[in-house]
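Next come the chains, spelled out residue by residue.
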Amino acid sequence: MAMNSSKASPQWLLLAIFISSALYNVNGFWFKLPRTSLSRGLREHYPRILEQNIPDGFETFFYNQTIDHFNYRPESFTTFRQRYLIYSKHWGGGQAPILAFMGAEEPIDDDLKAIGFLTENSERLKALVVFMEHRYYGQSVPFGSRSEALNNTNNRGYFNSAQALADYAEILLHIKKTHDATYSPVIVVGGSYGGELATWFRLKYPHIALGALASSAPVLYYEDITPHNAYYSIVTKNYRDTSETCYQTILKSWAEIQRVGELPDGASILSRQFKTCTPLRNENELRDALAGMYASTSQYGRPPENPIEKFCSAVDRATACGNDSLCKIAAAVFAQKGDRPCYINKPKNRTETDEGWPWQCQQEYGVPPRPNWITTYYGGHDIKLTLQRSTGNIIFSNGLRDPYSAGGVLKNISDNIIALPTVNGKFLTGSHCLDIVKSNKTSDPDWLVQQRKTEVEIIKGWIAKYYADLKAINKWIPFKLQ
């Protein structure tokens, strides 16, 4: 799993999503990075979380949103209905805080089920909770239909992160106006790509957001800021730290897959051995599936469960396989996924994220990339030097087992731009966006409970200082946080 890499140029269009056009070399074989989506990982590893109902108390609203915030052509003033939801059960009114979740590359419904940080802390902060859906997803699709929005080249051009941030700015100002909350401090929260949005929103709209909690936000995974092989280096470390023999088996298996695949009936042999749901066309399909599984088990994982440990234990227990690495990997795949009729390349329905996520690839959509636009528009190079002079009140939280933490901010930038990497003693812990997922009082380890408490205390400090500033200009209305 050790690797050298050549990274394709990212561009800013759509979601500022860079990874679907990024290919990485693993022992001579090329793989894409998986999506950053939180709900994708939960759906794969912890589906029961997404089987829950949306919490009671949310009210749904629609804002007549402008399609183009940055131009003055007649069509720029076209509007569409953008969905947002409000949870006001514990809101203190007046100048009490607003916690705003920035929806990302999927309908907002799964976030409402999975994300607990905002509602769980709303009583303590007496906060109004807002969840905002990203344009072109769910019920926030312009141009009348998703097909018309995505299939028309001109219409797709409005599908980008800068427009999404401006959407959220308009919605938050609208909420502050309709709720008579002019001086309510806003804390924006997001995970993964949504964490990038939260960071960028704080940078671009400091007059609206007092602070940001950016969970697992790979804001430094652009251009040459982060080493190109960093993601899969962490995947490798996670497996190697769990079991050296498991790691060596995986390492050996890549060449073995190649060897078998080159046989006249190699694809059929591999299909039978791994019990694929449809016959493999070639060995690359199997490599892609396994690489995706190794990455996913590294990126996601909720205590007390450890998907990597489960997989490697199965590899190391497969003594009946002798030295056959593919036999051991297949046994571990079966153990990992449980009893089912087939295991690899299972047909699945194409999701909105599947449609929306990759559209920046020039090969598929004919859109030329802008390889330097993310860092031009949002920054990223010399982040410590620039951010400590230009902004504050950002928490960057990262689980260090999450491969995307390689592109995250892992050290404090200033007294109020705080990095919270999850470290439990000498062990690297934590997975993708774990701190903002719904808490579990029976299974959450102490380090995770403490991390969430630390985040809340930091946010309370921002709010207290803001209220002190209001007092200084005689705008303060007496109000007390718990």
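Below you will find a few notes about this structure. Residue numbers restart at each chain and count upward from 1, following the sequence in its written direction. Local features in this predicted model are restricted to residues of pLDDT 70 or higher, and side-chain atom pairs are both shown and tallied only at a pLDDT of 80 or more, whereas totals for entire chains, interfaces and linings draw on every residue. Values reported for side chains reflect all heavy atoms of the structure, with hydrogen atoms and water molecules removed beforehand.

**Looking at the overall build of the chain**
This is how the line gets drawn: Only DSSP runs of H or I covering at least 4 residues are called helices, and only runs of E covering at least 2 are called strands; the numbering of each starts at the N terminus. Note on exposure labels: buried denotes an accessible area under 20% of the residue type's maximum, exposed denotes more than 50%, and partly exposed covers the range between, all computed with a 1.4 Å probe on protein chains only. In short, Shrake-Rupley with a 1.4 Å probe defines the accessible areas, and a residue's cover is counted only from the protein chains shown.
Helix and strand counts for the chain come out as 21 helices and 12 strands. Buried positions account for 58% of the 482 residues belonging to the chain. By element, 50% of the accessible surface of the chain is carried by carbon and sulfur atoms, the whole surface being about 20,400 Å².

**Concerning the packing of helix α11 (residues 230–242) against helix α12 (residues 244–261)**
For clarity, the threshold we go by: Throughout, an axis means a line fitted to C-alpha atoms (over the contacting stretch in the case of helices), and angles, computed between N-to-C directions, take values from 0 to 180 degrees. For classification, angles of less than 35 degrees are called roughly parallel, those exceeding 145 degrees roughly antiparallel, those between 65 and 115 degrees roughly perpendicular, and all remaining angles oblique. The contact rule is simple, with two residues in contact once any of their heavy atoms fall within 4.5 Å. Three classes are used, and their members are as follows: Ala, Val, Leu, Ile, Met, Phe, Trp, Tyr, Cys and Pro are nonpolar, Asp, Glu, Lys and Arg are charged, and the others, Gly among them, are polar.
Packing of α11 against α12 leaves a shortest axis separation of 5 Å and a crossing angle of 130°. Accordingly, the angle class assigned to the pair α11 and α12 is oblique. Residues Thr236, Tyr239 and Arg240 of α11 touch α12, and the partners they reach there are Glu244, Cys246, Tyr247, Gln248 and Ile250. For the contact of α11 with α12, the class distribution of residues is four nonpolar, two polar and two charged.

**Things to note about the nonpolar core**
Where we set the bar: Take the buried residues of types Ala, Val, Leu, Ile, Met, Phe, Trp, Tyr and Cys, join any two whose side-chain atoms come within 4.5 Å, and each joined set is a nonpolar core.
Val130, Met132, Val188 and Phe201 are the most contacted members of the largest nonpolar core, which totals 46 residues. The leading source of residues in this core is helix α9 (residues 161–178), at eight residues. Not counting chain neighbours up to four residues away, the residues in contact with Met132 comprise Arg83, Tyr84, Ala100, Phe101, Met102, Gly103, Ile108, Tyr168, Ile171 and Leu172.

**Remarks on the pairing of strand β6 (residues 98–102)**
Among the five residues in β6, five count as buried, and that is most of the element. Burial of β6 is two-sided: the residues Ile98, Ala100 and Met102 facing one way and the residues Leu99 and Phe101 facing the other way are all buried.

**A word on the state of the cysteines**
Heads up, the condition is: For the purposes of this analysis, a disulfide is any pair of cysteine sulfur atoms at a distance within 2.5 Å.
Taken as a whole and assessed by the stated rule, the structure comprises three disulfides. In this model Cys277 forms its disulfide with Cys342; the gap between the sulfur atoms is 2.0 Å. Around the S-S axis, the bridge from Cys277 to Cys342 shows a dihedral of about 95° and counts as right-handed. Here the residue Cys277 occupies a position in the loop between α13 (266–273) and α14 (283–299), and Cys342 occupies one in the loop between α16 (325–337) and α17 (352–356), the gap between them amounting to 65 residues. Among the residues examined, Cys277 registers a relative accessible area of 22% and is labelled partly exposed. A sulfur-sulfur separation of 2.0 Å characterises the disulfide bridge that pairs Cys321 with Cys327. In this structure the cystine formed by Cys321 and Cys327 twists about its S-S bond by roughly -60°; its chirality is therefore left-handed.

**Focus: the pattern of salt bridges**
Applied cut-off: Salt bridge, as used here, is a side-chain nitrogen of Lys or Arg placed within 4 Å of a carboxyl oxygen of Asp or Glu.
Per the stated rule, a full pass over the model turns up 12 salt bridges. The partner of Arg73 in a salt bridge is Asp68, with the nearest N and O atoms 3.9 Å apart. Residue classification places Asp68 among the buried residues on the basis of a relative accessible area of 3%. Residue Arg452 is joined to Asp444 by a salt bridge in which the shortest nitrogen-to-oxygen separation is 2.7 Å.

**Quick word on the environment of Arg73**
Relative to the helices and strands, Arg73 resides in the loop between β4 (58–66) and β5 (79–87). The class of Arg73 is partly exposed, set by a relative accessible area of 39%. Residues within four places of Arg73 in sequence aside, it is in contact with Asp68 and Tyr158.

**Notes on the side chain of Glu133**
Condition: N or O atoms closer than or at 3.5 Å make up a polar contact, with two conditions inside protein: a donor-capable atom paired with an acceptor-capable one, and, for residues adjacent in sequence, both atoms drawn from side chains.
Within the element layout of this structure, Glu133 appears in the loop between β7 (128–132) and α7 (146–151). From its side chain, Glu133 meets the backbone nitrogen of Ile108 in a polar contact 3.0 Å long. Of note is the side chain of Glu133, whose polar atom sits 2.7 Å from the side chain of Ser140. With residues up to four places along the chain from it excluded, the contact list for Glu133 reads Gln82, Arg83, Pro107, Ile108, Asp109, Gly138, Gln139, Ser140 and Tyr168.

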